[in-house]
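Fold and geometry: a report
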Amino acid sequence: MSHPLQSGASEALIWRADATVMALVGLAHAMSHFSHLLLPGLFPFLQRDFGLSFSELGGLMTLFFTVSGLGQALSGFVVDRTGARPVLFGSILLFMGAALSAALAQGYAGLMLSALLAGLGNAPFHPVDFSILNQRVSAPRLGHAYSVHGLSGNLGWALSTAFLVGVAASSNWRLACLGALLLYALVLALLVWQRQHLATVATAPRPVAAGRQGAQGGAGAPAAEGEFDFLRLPVVWWCFAFFLLTTMTLAVVHTFSVSILRALHGVSLQAASLTLTAYMLCGAAGMLAGGFVAARARRSEQVVALCMSGGALLLLLCASGWLGATGTMVALAATGVAVGIGGPSRDMMIKRATPVGATGRIYGTVYSGLDAGLALSPLLFGTLMDRGYYQATLAGAGLVLLLAVLVALGVGRRTVARA
C-alpha cells in the first residue's frame, strides 16, 4: 500500500485518492451512526407493541453502548495488529445480524440480542476510521477528512430517523428493520468492491524512538514504546472524560428528545421526529463548516470549548420552556450546528494528543468514553423521564455539556505542555 503522495503523483491524483478514501470511510461511518438509532428510531413502536418503559428502552441502549465501549477499547489493539479493513467488513456483517434480529424479535430478549450485535459491530469504528484516514489521506487535508467523517455520521443519524420512522409509520417496524438489513448489505458490497482504498499497514507494537514525529502522531505527542505505555499519559484520560460527558448529552437528544417535545409541548410524533432529523442535518452542516475552522485553528480545544458552550446554553433555553413549542424545536435544531462546528476540531484535538504508532489503541480507548457516556446516560436520564421530569432531563444534559467544556480546556493545556 502506498499513498499517491509517496510516489510523486500529481496533485490531481492525490486529491482524487484522498476524496475516494474520505467518501468510503464516510459512508462506513454513516452506517455506524445509522446503527446507533436502529432501535431508538423505533422506540415509539416498540413501546406500543411490547409495553416497555422508558427505563427498559434506555436499557437497550445501555447494553448497546456498554458492549461497544468495551469492544472499542479492545478493538484498537486488533486494528493496530491486523490493519483496519478486515475489521471494518466484520462490523458491517454484525450490523446485518442486528437488523435481522430486530426484525424477528418477539419480545425484549430479541431486542437485547439486536442491541448486542449492533454494539459489537459499532465497537471498532473509530479505531478503524481514523487508522485509515491518518494513513491514507494527505496531511493538508486531514482537517477536511475529519469534517467529512463527522458530517457523514450526522447524516447517518438523520437517515436512520427518517428511514426507520417513515417505513414503520407507513407499513410496520419489522419491514423497516429488513430495509436496514438491505442497506447494510449494499454498503458492504460497495466497500468490498473498492477495498484497495481501505488497506492500512499494521502498526503495533514496535519500539519507537522517544520524541520521534510521524504521520500518525500529533505535534509534541511522545512515541508509545510499549503496547500499554499510552495508558500512563494523563491526557488520554482527559480525552476519555471529554467524550464521556459530551455523549451523555448527545444520548439525551437522540433517545428522549422526541418524547420530551411531545410531553412538554404536545407536538405530533412526526413533528418531533422531524426536529430530531433537523438537529442531525444541522449538525452535519456544522461539521462541514467545522472542517475549515479545524484546518486553520491553532488551538483546537478553544474552538471546541466555544462551540460546546453555545450548545449547552441552547439546551438550557430549551429546558426553560420559555421558547414554546416552535421556538424549542428551532433551538434544539440549532444546537446541532453549534456542536457540529466543534466536531472536526475535537478530532484534531485528539490527534494532537496521540502518541506515534498507537493510533488504533488511543482512538479505541479515548472513543470508548463516547460509548460509556451513551451507555450511562439512558439509565440516568431514563429514570428522570419515567418520573416525568422532562425539563430537568434537558437541563441536566446542558449542564453536563458545560462540564465537558472545562475538560476540553484541560486537554489543551496538557497537550501544549507536552509539545
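Residues numbered from 1 in each chain as written. Predicted model: local features only at pLDDT ≥ 70, side-chain atom pairs only at ≥ 80, totals over all residues. Heavy atoms only, no water.

**Structural notes on the packing of aromatic side chains**
- Evaluated as defined, the whole model comprises eight aromatic pairs.
- Geometrically, the ring pair formed by Phe34 and Tyr184 is edge-to-face, given 5.8 Å between the ring centres and 85° between the ring planes. In this pair, Phe34 sits in helix α1 (residues 11–36) while Tyr184 sits in helix α8 (residues 173–193), placing the two residues 150 residues apart along the sequence. As far as burial versus exposure is concerned, Phe34 and Tyr184 are alike and both buried. (Phe/Tyr/Trp six-rings, centres within 6.5 Å; stacked < 30°, edge-to-face > 60°. Helix = DSSP H or I, 4+ residues; strand = E, 2+ residues; numbered from the N terminus. Buried < 20%, exposed > 50% of the residue type's maximum accessible area, 1.4 Å probe, protein only.)

**Details of the environment of Leu94**
- Tracing the backbone shows Leu94 in helix α4 (residues 85–104).
- Spatially, the C-alpha atoms of Leu94 and Ala118 are 6.3 Å apart, while their sequence positions differ by 24 residues.

**Overview of the packing of α4 against α8**
- Running from amino to carboxyl end, α4 crosses α8 at an angle of 165°, the nearest separation of the two axes being 8 Å. Taken as axis vectors, α4 and α8 run roughly antiparallel relative to one another. Note on packing geometry: the crossing formed by α4 with α8 is left-handed. Residues Leu88, Phe89, Ile92, Leu93, Phe95, Met96, Ala99, Leu100, Ala102, Ala103 and Leu104 of α4 lie in contact with α8, whose contacting residues are Trp173, Arg174, Cys177, Leu178, Ala180, Leu181, Tyr184, Ala185, Leu188, Leu191 and Val192. (Axes fitted to C-alpha atoms, helices over the stretch in contact; angles between N-to-C directions. Parallel < 35°, antiparallel > 145°, perpendicular 65-115°, else oblique. Left-handed = near helix turned anticlockwise from the far one by under 90°. Contact = heavy atoms within 4.5 Å.)

**Overview of the nonpolar core**
- Counting residues in hydrophobic clusters, the biggest one holds 114 residues, and the most contacted among them are Leu42, Tyr184, Leu191 and Phe242.
- Setting aside its immediate chain neighbours within four residues, Leu42 contacts Leu164, Ala168, Trp173, Ala176 and Cys177. (Core = buried A, V, L, I, M, F, W, Y, C linked by side-chain atoms within 4.5 Å.)

**Examining the environment of Gln194**
- You can see Gln194 is positioned in the loop between α8 and α9 (234–265).
- Assessed through its relative accessible area of 17%, Gln194 is described here as buried.
- For the pair formed by Gln194 and Thr20, sequence separation is 174 residues and the distance between their alpha carbons is 9.2 Å.

**Description of a nonpolar patch on the surface**
- A surface patch of nonpolar side chains, about 350 Å² in accessible area, is lined by Leu100, Leu104, Leu175 and Leu178.
- Listed by contribution, the elements that provide at least two residues to the nonpolar patch are α4 and α8.
- For Leu104, the location among the structural elements is in helix α4. (Patch = residues over 30% accessible without salt bridge, like charges linked within 9 Å, V, L, I, M, F, W, Y side chains within 5 Å. Areas by Shrake-Rupley, 256 points an atom, 1.4 Å probe, with all protein chains shown as cover. Salt bridge = Lys/Arg side-chain N within 4 Å of Asp/Glu carboxyl O.)

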